[in-house]
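Coordinate inspection notes
Below are the chains, spelled out letter by letter.
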Amino acid sequence: MSNYSTHEVLNAIAAAQKALSDRKDEVNRLNVFPVPDGDTGTNMSLTMQMVVDNLAKLPIGASSAEIRKTITTGALMGARGNSGVITSQILRGLCEGFEGFEEEGITTASLDSCFARATEVAFQAVRKPVEGTILTVIKDTAAAAKKARKKKLNTEEALDFIVNGAYESVQRTPEFLPVLKENGVVDAGGFGLAILIDAFAATLTGKEGFAGDALAMSRPAPKAEIEQIDDWDVDSAFRYCTEFLVHSNTIDVDAAKDFLPTMGDCDLMVGMHPNFKVHVHSNRPDQVLGWFLTHDCQISEVHVHNMKLQSDERNEKIEAQLEAEHKPLGVVAVAPGSGTAKILESLGVDVVISGGQTMNPSTADILAAVNKVNADSVVILPNNKNIIMAAQACVEVSEKPCAVVATTSVPQAFSAMFGFDGEASLEENVEAMTEAFAEVKTGEVTHAIKDSKDAHGNPIKDGDVIGIADGSIEAVGSDVSDVVLALLETMEADDADTMTILAGEDFSDEDLGALVARIEEAYEDLEIDPHRGEQALYPVVFSLE
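Okay, so let's go over this structure. Being a predicted model, the structure only gives us computed values, none of them experimental. (Residues numbered from 1 in each chain as written. Predicted model: local features only at pLDDT ≥ 70, side-chain atom pairs only at ≥ 80, totals over all residues. Heavy atoms only, no water.)

Section: unusual backbone geometry
Even without being glycine, Asp296 reaches a positive phi, approximately 60°. Looking at where Asp296 falls in the secondary structure, it is placed in the loop between helix H14 (285-293) and strand S4 (298-306). With a relative accessible area of 59%, Asp296 lands in the exposed category. (Helix = DSSP H or I, 4+ residues; strand = E, 2+ residues; numbered from the N terminus. Buried < 20%, exposed > 50% of the residue type's maximum accessible area, 1.4 Å probe, protein only.)

Following this line, the structure appears as structure tokens:
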């Protein structure tokens with residue numbers, strides 16, 4: 001039977017998140033497609049960060065059911081990108097698989113149950129599972145857990161066996177996906193999952209390399225405070241949310257925990273010598289800090305928030321939202337630049353979420369935007385293929401009816417909005433808006449961030465300008481305008497009537513004017529509509545219709 005305490009398990013989860021965060025750039029570099037999109041390592045790390053944030057706010061003594069619910073909810077609400085959404089489903093499955101094993105805890109039998117259920121849930125989340133991805137790794141890891149149980153290994157031996165199984169699966173991913181083999185890499189999502197499992201197991205069993213109370217040190221205070229004040233009672237006796245780190249080898253922890261309740265409520269002190277995290281709602285944060293300073297402690301990362309003022313500000317925003325004209329149907333869209341956001345708003349989008357190529361908004365971000373819209377139901381335009389799953393997850397958890405129109409670019413969203421009818425039903429709009437952007441061709445120009453190959457096997461060097469036609473790299477060069485012209489030829493611009501151009505933040509008005517002049521000279525019958533999109537990393541994004 002396992003003798004791991006709840007604290008040890010929570011600490012291992014936090015350590016796993018920290019390990020992945022520390023190595024996210026390493027995971028990101030495995031992405032085969034050489035564009036600066038929201039990367040796998042970053043998305044998985046941010047998804048796990050939400051889990052750790054939520055766990056850190058649980059009261060001491062929380063039950064196993066409460067912990068599992070917190071993990072499941074945090075993972076889903078923090079899910080970013082496809083990899084983050086799949087990771088959230090794996091975590092949900094692990095939690096569901098643990099049901100019924102609360103008394104015996106983490107054992108070889110419970111590990112088998114957890115990974116088996118995680119595989120089921122993860123595969124259910126993906127319409128067309130692909131071998132050689134994170135799905136393969138979780139499936140192989142579950143097989144290792146089952147084998148460990150049949151071999152009657154003890155818990156620590158089973159964890160080692162499972163970790164080895166995960167890494168061995170990662171090494172095999174190129175055998176299933178030729179594109180991985182061609183680029184000499186393993187699957188990024190699978191590798192990220194193996195890192196999480198490895199760090200969790202190593203911390204839980206006390207292996208060298210993952211020491212310290214990671215749970216206490218991993219929560220970013222500002223975001224946590226904002227979430228906490230949402231439920232603050234204006235009649236509360238305590239006004240200031242006070243949180244800080246304590247560094248001391250000699251602090252009497254019992255004395256400190258006895259002191260904190262005398263200063264307020266919601267008091268919490270977690271950690272171990274020499275590092276602790278302290279949180280308390282109090283009217284005298286100065287006295288709280290003073291007590292620790294007079295007990296031979298160093299303090300840092302001090303955050304004091306006036307919850308009354310924050311609550312008033314929040315209520316004012318809610319009132320302003322309620323005063324807005326109510327309507328039957330609204331629209332939420334993701335935009336990667338201020339210019340594109342303004343265009344979307346002018347076309348009738350109610351709430352624009354900042355994000356896209358370099359930062360995929362989470363399910364929670366999208367849900368918050370949906371809830372801001374003063375409408376009975378909401379259409380969501382993700383405008384990026386890596387945001388679609390998070391948007392679909394929002395549909396599942398939203399109390400307000402909403403649906404996704406699966407746009408993969410901002411130009412597609414422009415056309416989709418021309419099919420929007422605020423008086424029609426949600427279902428009718430999804431059909432009409434999807435049909436409206438179906439014929440839109442999207443071109444994107446950016447710089448390669450690693451050596452790779454284009455759609456035809458030609459070499460791409462780090463730093464090259466690359467042209468992407470509806471997801472396929474079709475042009476490579478050294479000049480943005482040259483690549484745009486080459487991409488137009490590939491996309492058969494002669495057959496198009498109109499071209500919409502979005503200039504990125506680093507593409508000047510002079511550059512844009514010169515580009516338009518070249519296109520007009522090459523395609524006399526093409527109507528060109530240039531705009532400032534101000535998107536990062538992509539000097540030019542355009543559409544043909």
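Points about the sheet that holds strand S16 (residues 540-544)
Taken in spatial order, the 6 strands of this open sheet run S13-S12-S9-S16-S14-S15, and their pairing is mixed. Edge positions in the sheet fall to strand S13 (472-477) and strand S15 (527-532), since each has one partner strand and no second. The mean inter-strand angle of the sheet, taken between neighbouring strand axes irrespective of direction, is 20°. (Pairing = 2+ DSSP bridges. Axes fitted to C-alpha atoms, helices over the stretch in contact; angles between N-to-C directions.)

Observations regarding the environment of Ser425
Note that Ser425 resides in the loop between helix H19 (410-418) and helix H20 (426-437). In this structure the C-alpha to C-alpha distance between Ser425 and Ser377, which are 48 residues apart in sequence, comes to 8.9 Å.

Some points on the sheet that holds strand S7 (residues 375-381)
Spatial strand order, S6-S5-S7-S8: 4 strands in an open sheet with parallel pairing. Every other strand in the sheet has two partners, leaving strand S6 (351-354) and strand S8 (402-404) as the edge strands with one partner each. With direction set aside, neighbouring strand axes in the sheet form an average angle of 20°. Note that S7 and S8 share 3 bridges and pair parallel. The residue bridging Val378 from the neighbouring strand is Cys402, located in S8. Packing of helix H17 (residues 363-372) onto the sheet brings it into contact with strand S5 (327-335), S6 and S7, and relative to S6 it is tilted by some 160°. (Contact = heavy atoms within 4.5 Å.)

Overview of the state of the cysteines
Enumeration according to the criterion identifies 0 disulfides in this entry. Sulfur of Cys114: no disulfide; nearest cysteine sulfur belongs to Cys95 and is 7.8 Å away. For Cys114, a relative accessible area of 9% gives the class buried. (Disulfide = S-S within 2.5 Å.)

Regarding the environment of Asp451
Tracing the backbone shows Asp451 in the loop between strand S9 (441-447) and strand S10 (452-453). Judged by its relative accessible area of 45%, Asp451 falls in the partly exposed class. With 268 residues separating them in the primary sequence, Asp451 and Asn183 have C-alpha atoms 8.7 Å apart. Leaving out residues up to four positions away in the same chain, Asp451 has contacts with Asn183, Ile460, Lys461 and Asp462.

A word on the nonpolar core
Ile13 and Ile366 are the most contacted members of the largest nonpolar core, which totals 85 residues. The dominant element in this core, judged by the number of residues it contributes, is helix H10 (residues 188-205), at 11 residues. Not counting the four nearest positions on each side in its chain, Ile13 is found in contact with Met48, Val51, Val52, Leu55, Ile71 and Phe200. In this structure, Val465, Ala469, Ile519 and Val540 belong to the second largest nonpolar core, which totals 27 residues. (Core = buried A, V, L, I, M, F, W, Y, C linked by side-chain atoms within 4.5 Å.)

Observations regarding the packing of aromatic side chains
Counted according to the given criterion, the structure contains 3 aromatic pairs. With centroids separated by 5.4 Å and ring planes inclined at 75°, the aromatic side chains of Phe244 and Phe292 adopt a geometry described as edge-to-face. Taken together, the residues Phe244 in strand S1 (residues 240-247) and Phe292 in helix H14 connect sequence positions 48 residues apart. Plain terms: the ring middles of Trp291 and Phe292 are 5.0 Å apart, the flat faces sit at 75° to each other, and that makes the pair edge-to-face. When sorted by exposure, Trp291 lands in the same class as Phe292, which is buried. (Phe/Tyr/Trp six-rings, centres within 6.5 Å; stacked < 30°, edge-to-face > 60°.)

Comments concerning the pattern of salt bridges
Tallied over the full model, the rule gives 16 salt bridges. For the salt bridge of Glu96 with Arg117, the shortest nitrogen-to-oxygen distance reads 2.7 Å. Separated by 21 residues along the polypeptide, Glu96 in helix H5 (residues 81-97) and Arg117 in helix H6 (residues 108-125) bring together distant segments of the chain. The class of Glu96 is partly exposed, set by a relative accessible area of 30%. Among the residues examined, Arg117 registers a relative accessible area of 23% and is labelled partly exposed. (Salt bridge = Lys/Arg side-chain N within 4 Å of Asp/Glu carboxyl O.)

Focus on the packing of helix H1 (residues 6-22) against helix H3 (residues 40-56)
When two helices pack together, their arrangement is given by the angle between the helix axes and the distance between those axes. Axis separation between H1 and H3 bottoms out at 9 Å; the angle between their running directions is 155°. With respect to H3, the axis of H1 lies roughly antiparallel. Considering only the axes of H1 and H3, their crossing is left-handed. The residues of H3 that touch H1, namely those facing Leu10, Ile13, Ala14, Gln17, Leu20 and Ser21, are Gly41, Met44, Ser45, Met48, Gln49, Val51, Val52 and Leu55. (Parallel < 35°, antiparallel > 145°, perpendicular 65-115°, else oblique. Left-handed = near helix turned anticlockwise from the far one by under 90°.)

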